[in-house]
Amino acid sequence: MIQGGPLHFLAALFAAFSCTGCVDGDLFYVRSAGEDMPVWVRGDTGAGAIVVMVHGGPGGSSLDRTVNPPLQRIEQEFGVAYWDQRAAGNSQGDATPDTMTAEQYAADLDLVVDALSVRYPKRKIFLLGESWGGALTGYYLGDPQHGKKIAGWIDVDGTPDEPGILSASRTWAHDGAAAKVQAGDDVARWQPVVDWYDARPALTLDDLPQHNDYVNQLGGSSRYPDRGSSFDTPGLFLESPFDLLSFLANSDYTTQQLVLTKDPSKSILFRDLSGNLPTVTVPTLLLWGRYDGMCPLPLGQAIFARIGTAPADKSLVILEDAAHKGIIDAPDAVADAVLAFVHAH
Amino acid sequence: MSVAIAAAIVFAGASARAVDPPSVTAAAPPPPRAFRLGIDVGYFGDFLTHPGAVVRGDFVLGRGVHRLVVAAELGSYGHPGDYIGLFLGASVGYRVASRVGIFGEAAAGVGWLETFVEGDLYQRAPDGSVVAGRDPGHAAFMPSLSLAAGWDFQRRNLPLAIYLRPRVFWQYPENTQWLIHGGVEIGLTWWIGR
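Residues numbered from 1 in each chain as written. Chains lettered and ligands numbered in written order. Predicted model: local features only at pLDDT ≥ 70, side-chain atom pairs only at ≥ 80, totals over all residues. Heavy atoms only, no water.

> Just to check I follow, could you spell out the interface of chain A and chain B for this structure?
Of the residues lining the interface, 47 residues belong to chain A; the matching set on chain B comes to 43 residues. Across the interface of chain A and chain B, roughly 4,000 Å² is buried in total on both sides, 61% from carbon and sulfur atoms. Our count for the chain A to chain B interface comes out at 4 salt bridges. Elements represented by at least two residues in the side of chain A that touches chain B include exactly helix H1 (6-14), strand E1 (26-32), strand E2 (35-43), strand E5 (92-93), helix H3 (102-119) and helix H10 (244-259) of chain A. Split by residue class, the side of chain A that touches chain B holds 26 nonpolar, 13 polar and 8 charged. Sheet analysis places E1 of chain A next to strand E6 (residues 121-124) of chain B, joined by 2 bridges and oriented parallel. Note that in E6 of chain B the partner of Val30 of chain A across the bridge is Tyr122 of chain B. (Contact = heavy atoms within 4.5 Å. Buried area = accessible area lost by both parts, 1.4 Å probe. Salt bridge = Lys/Arg side-chain N within 4 Å of Asp/Glu carboxyl O. Helix = DSSP H or I, 4+ residues; strand = E, 2+ residues; numbered from the N terminus. Nonpolar A, V, L, I, M, F, W, Y, C, P; charged D, E, K, R; others polar. Pairing = 2+ DSSP bridges.)

Given below as structure tokens:
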């Protein structure tokens, strides 16, 4: 049992303006391997199901997803638990570099699931992973013991086949630029892009910034970049607990520890987390952007083929007007599909 | 009679003159001390909008234009739904004061920041179950830099001053990093004694 002491009382007394009740919904924390991670539960928690939002990045945030229309629609019918992973978003504490591993992330997620089961007994728990969150949830569900706790897996544009992302994304960008050259579309702009990829049959971590820029230029990140991000919504800063500076510091730290590592062989991008996909048997909904250039569609099709879920319980929905950010590009299609899936299971 | 009265007045006057110097000396206020003590009470906002409060004791050395300020403070602020911070610190500052009471100050400090997540905290028990409780707190080192501007009303015979004090401070370690904060404090100083 964790006990509050006199210091806690003094702090609460001093910061009399601060209060948990000022925040809509139910916010609690989980502590795992030195890190305290927020779980913000909103929506209709009495409806019998809770959808756990597992954000991307690594180093993104789920709290900032509370302002996105698809999640707000899901909240109208079910509970949604927004979890910030270790060293991400509002998480705080002491996430040392040795804890920044896929195994620890999966253990953290398992604690979130168990804490939700204690706090909200008899609710079905669904996982909704976006991008890296899709990779993490897929990896987590590869353990059959974890699968027993979960009623369904929703994956939006993320695969645990991390090495496959780089090669598939490179192919997508190269072929996209080559198609523009072939069509005579601004050849002076796109031919150097083709040449750049031709000179790099396999991408390295040093190539990532340029590669990501090309994918963005080709529309592979978002079909609607003018829709902006969650950060354009003032309510995120004024009415939610989201902490921008903590988010920025955590995001940078996680990127350095998990992605752009000093030792490239330790980057999560070169670690295949998909080995246990055949043992995933929970009902699964894969949502994939037709124009996803970060994690292209063939990777989603591969998950669909590899998981052990019965054919009747798995589906791959292609978001025809979306790239990698399906939640931003196709809000209605995402909300419709998720709600139908949760209702069905 | 009149001579006697006049003599008495003269005597009294002489007597008064004779005793005046000591009585004038006794009524004069003692020279002001070379330092002043003040108590600050202020609103403290981490990034302005995350509210809190601070209490500080100021030891101001010097009465002229250039002054040295040594202070100790206790304060707290809250990020609703995020955490509550409790801090204890000390600082040294340089203050420039004008004749009309307006002053400016720059200071550097060190402190201790204890943060508590807001809400229940779940963790695994040794047997693998999940238990809930409250956060006993995270300690962090808290260096700070601040600027201040204010108006001292002591020349108007009010033992008060008002001030505005923006500051930056750091929280270390926070996920092994130095996490920077911006804070603004607005408050009132009550001068103790002269």
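Additional details are given in the paragraphs that follow.
> Explain the nonpolar core here, please?
Residue and element names in this part refer to chain A. Core analysis: the biggest nonpolar cluster contains 69 residues, and Val30, Val39, Leu116, Leu127 and Trp153 have the highest contact counts within it. The leading source of residues in this core is H3, at 9 residues. Val51, Leu71, Val156 and Leu285 belong to the second-largest nonpolar core, a separate cluster that totals 36 residues. (Core = buried A, V, L, I, M, F, W, Y, C linked by side-chain atoms within 4.5 Å. Buried < 20%, exposed > 50% of the residue type's maximum accessible area, 1.4 Å probe, protein only.)

> In this structure, what is going on with the side chain of Ser222 of chain A? I would like to understand it.
Residues and elements named next belong to chain A. Tracing the chain through its elements places Ser222 in the loop between helix H8 (208-217) and helix H9 (234-238). Since its relative accessible area comes to 12%, Ser222 is described here as buried. Here the side chain of Ser222 touches Tyr224 through a polar contact of 3.1 Å, landing on its backbone nitrogen. Excluding residues that lie within four positions of it along the chain, Ser222 makes contacts with Ala323, Lys325 and Asp329. (Polar contact = N/O pair within 3.5 Å; in protein donor to acceptor, adjacent residues only side chain to side chain.)

> Where do I start with the pairing of strand E1 (residues 35-46) of chain B in this structure?
On any regular strand, side chains alternate: one points to one face of the sheet, the next to the other face. Residues and elements named next belong to chain B. Summarising the sheet, E1 and strand E2 (residues 50-61) pair through 12 bridges and their orientation is antiparallel. Across the sheet, Phe35 pairs through a bridge with Leu61, a residue of E2. Where E1 folds back onto E2 in an antiparallel hairpin, the turn is made up of 3 residues, including Phe47, whose phi is positive at roughly 55°. As defined by bridge partners, E1 adjoins strand E11 (residues 177-192) across 10 bridges and the pair is classed as antiparallel. Directly across from Tyr43, in E11, lies its bridge partner Ile186.

> Can you help me understand the packing of aromatic side chains in this one?
Aromatic rings in a pair are described by how distant their centres are and how their planes are angled relative to each other. All names here are of chain B. For the coordinates displayed, the defined rule picks out 17 aromatic pairs over all chains. An angle of 45° between the planes, with centres 6.2 Å apart, marks the rings of Phe44 and Phe169 as tilted. One end of the pair, Phe44, is in strand E1; the other, Phe169, is in strand E10 (residues 160-174), with 125 residues separating them in the sequence. The class for Phe44 is buried, based on a relative accessible area of 0%. By relative accessible area, Phe169 is classed as buried at 0%. (Phe/Tyr/Trp six-rings, centres within 6.5 Å; stacked < 30°, edge-to-face > 60°.)

> Looking at this model, I keep getting lost on helix H7 (residues 187-198) of chain A. Mind explaining?
Residues three or four positions apart in an α-helix share a direction because the helix packs 3.6 residues into each turn. All names here are of chain A. In this model, H7 (12 residues) spans 16 Å end to end at C-alpha, consistent with the 16 Å of a helix rising 1.5 Å per residue. Within H7, the full set of buried residues consists of Trp190, Val193, Val194, Trp196 and Tyr197. What you see down the axis of H7 is that its buried residues fit within an arc of 160°, all on one side. For H7, the secondary structure elements touched by its buried residues are helix H6 (162-182) and H8. (Expected span 1.5 Å × (residues − 1). Arc of directions from axis to C-beta.)

> Explanation requested: the pattern of salt bridges in the structure shown.
Any two side chains of opposite charge can pair if their charged atoms end up close together. Enumeration according to the criterion identifies 28 salt bridges over all chains in this entry. Three or more residues are tied together by salt bridges with common partners; here these are Asp40, Arg56, Glu73, Arg95, Glu105, Arg165, Arg167 and Glu185 of chain B.

> Explain the pairing of strand E4 (residues 79-83) of chain A to me, please; I cannot follow it from the model alone.
Residues and elements named next belong to chain A. Summarising burial for E4: 5 of the 5 residues are buried, a large majority. In E4, alternate side chains face the same way, and those of Gly79, Ala81 and Trp83 on one face and Val80 and Tyr82 on the other are all buried. Where strand E3 (residues 49-54) lies against E4, 5 bridges are found, and the strand directions are parallel. For Val54, the partnering residue across the bridge sits in E4 and is Trp83. Regarding the hand of the β-α-β motif, the stretch spanning E3, helix H2 (residues 69-75) and E4 is right-handed. (Right-handed = clockwise from strand over helix to strand, strands pointing away.)

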